Amino acid sequence: MSTFTGDETAPFFGFLGAAAALVFSCMGAAYGTAKSGVGVASMGVMRPELVMKSIVPVVMAGVLGIYGLIIAVIISTGINPKAKPYYLFDGYAHLSSGLACGLAGLSAGMAIGIVGDAGVRANAQQPKLFVGMILILIFAEALALYGLIVGIILSSRAGQSRAD
């Protein structure tokens, strides 16, 4: 008869981290794409020649989902309790990794959506605003990149809980 140590539930937290990374990042990507897309469609009625130039926020929002996918794959490949022990520390490291990346992607998607919507509409009326809009979008995208970097660092901590 084996005793319950709590480590039997550790993969649950790891898989929850992988799901959180993907789900929250994709929610941010979807919101950013939808909100920016509405602005592009509205602007396209007034200035159809600027539509292709105004797709930048939609593309930047779509990249956020890729960040979540990267972390989800890193986490899920690190969960193999049959090959080597997977402790609660590892599960919590993977959960925090997924939440860091996912929630950063969600917040960046919200920022990109709002800035993209207002920015493409303003760009239709004053083309000199394009560079400023792009700079704001880059800084919003950087928030998700910070989450990706922290997620990779936290995920790499899994497996370092005990000397095997």
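Residues numbered from 1 in each chain as written. Predicted model: local features only at pLDDT ≥ 70, side-chain atom pairs only at ≥ 80, totals over all residues. Heavy atoms only, no water.

## What to know about the pattern of salt bridges
Pairing between side chains of opposite charge can happen when their charged atoms approach one another. Counted according to the given criterion, the structure contains three salt bridges. Note that arginine 47 is salt-bridged to glutamate 49, the shortest N-O span being 2.7 Å. By relative accessible area, arginine 47 is classed as partly exposed at 26%. As a salt-bridge pair, arginine 121 and aspartate 117 come within 2.7 Å of each other at their nearest N and O atoms. With a gap of four residues between them, arginine 121 and aspartate 117 both fall in helix α3 (residues 88–125), about one helical turn apart. By relative accessible area, which is 11% here, aspartate 117 ends up buried. A network of salt bridges, in which partner residues are shared, links Lys35, Asp117 and Arg121. (Salt bridge = Lys/Arg side-chain N within 4 Å of Asp/Glu carboxyl O. Buried < 20%, exposed > 50% of the residue type's maximum accessible area, 1.4 Å probe, protein only. Helix = DSSP H or I, 4+ residues; strand = E, 2+ residues; numbered from the N terminus.)

## Section: the UniProt feature "domain: V-ATPase proteolipid subunit C-like" (unreviewed entry) in the chain
Per the UniProt record, "domain: V-ATPase proteolipid subunit C-like" (unreviewed entry) is annotated on residues 16–75 and 96–154. Annotated as 93% helix and 0% strand, the span residues 96–154 places its first and last C-alpha atoms 7 Å apart. (UniProt positions renumbered as here; feature names shortened; annotations may be inferred.)

## Considering helix α2 (residues 56–78)
It helps to recall that an α-helix has 3.6 residues per turn; residues three or four apart then point in one direction. A rise of 1.5 Å per residue sets the reference length of α2, with its 23 residues, at 33 Å; its end C-alpha atoms lie 34 Å apart and thus fit the reference within 8%. For α2, the set of buried residues is Pro57, Met60, Ala61, Leu64, Gly65, Tyr67, Gly68, Ile71, Ala72 and Ile75. Taken together, the buried residues of α2 touch α1 (10–46), α3 and α4 (130–157). (Expected span 1.5 Å × (residues − 1). Contact = heavy atoms within 4.5 Å.)

## Comments concerning the UniProt feature "transmembrane region" (unreviewed entry) in the chain
Under the UniProt annotation, "transmembrane region" (unreviewed entry) lies at residues 12–34, 55–75, 95–117 and 129–154. A helix fraction of 95% and a strand fraction of 0% characterise residues 55–75, whose end C-alpha atoms lie 32 Å from each other. Within the segment residues 129–154, helix and strand shares are 96% and 0% respectively, and the terminal C-alpha atoms sit 38 Å apart.

## Some details on the packing of aromatic side chains
Summed over the entire model, instances satisfying the criterion amount to two aromatic pairs. For the pair phenylalanine 12 and phenylalanine 13, a centre-to-centre distance of 5.3 Å together with 75° between the ring planes defines the contact as edge-to-face. Counting every residue linked through ring pairs, the aromatic cluster contains Phe12, Phe13 and Tyr92. We note lysine 53 situated over the ring of phenylalanine 130; from NZ or CZ to the ring centre the distance is 4.5 Å. (Phe/Tyr/Trp six-rings, centres within 6.5 Å; stacked < 30°, edge-to-face > 60°. Lys NZ or Arg CZ within 6 Å of the ring centre and 35° of its normal.)

## A look at a nonpolar patch on the surface
A cluster of nonpolar side chains, namely Leu143, Leu145, Tyr146, Ile149 and Ile153, defines an oily patch on the protein surface of about 470 Å² accessible area. Structurally, the position occupied by isoleucine 149 is in helix α4. (Patch = residues over 30% accessible without salt bridge, like charges linked within 9 Å, V, L, I, M, F, W, Y side chains within 5 Å. Areas by Shrake-Rupley, 256 points an atom, 1.4 Å probe, with all protein chains shown as cover.)

## Considerations on the packing of α2 against α3
Remark: α2 packs on α3, axes separated minimally by 9 Å, with the N-to-C direction vectors making an angle of 175°. Viewed along their axes, α2 and α3 adopt a mutual orientation that is roughly antiparallel. Touching Pro57, Met60, Ala61, Leu64, Tyr67, Gly68, Ile71, Ile75 and Gly78 of α2 are His94, Ser97, Gly98, Cys101, Gly105, Ala108, Gly109, Ile112, Gly116 and Val120, all from α3. Residue composition of the contact of α2 with α3, grouped by class: 11 nonpolar, eight polar and no charged. (Axes fitted to C-alpha atoms, helices over the stretch in contact; angles between N-to-C directions. Parallel < 35°, antiparallel > 145°, perpendicular 65-115°, else oblique. Nonpolar A, V, L, I, M, F, W, Y, C, P; charged D, E, K, R; others polar.)

## Structural notes on the side chain of glutamate 141
Assignment of secondary structure puts glutamate 141 in helix α4. As a buried residue without a salt bridge, glutamate 141 has its nearest oppositely charged side chain in lysine 35, at a separation of 17 Å. In contact with glutamate 141, not counting residues within four places along its chain, are Met60, Ala61, Val63, Leu64, Tyr67 and Ile112. (Lys, Arg positive; Asp, Glu negative; His and termini not counted.)

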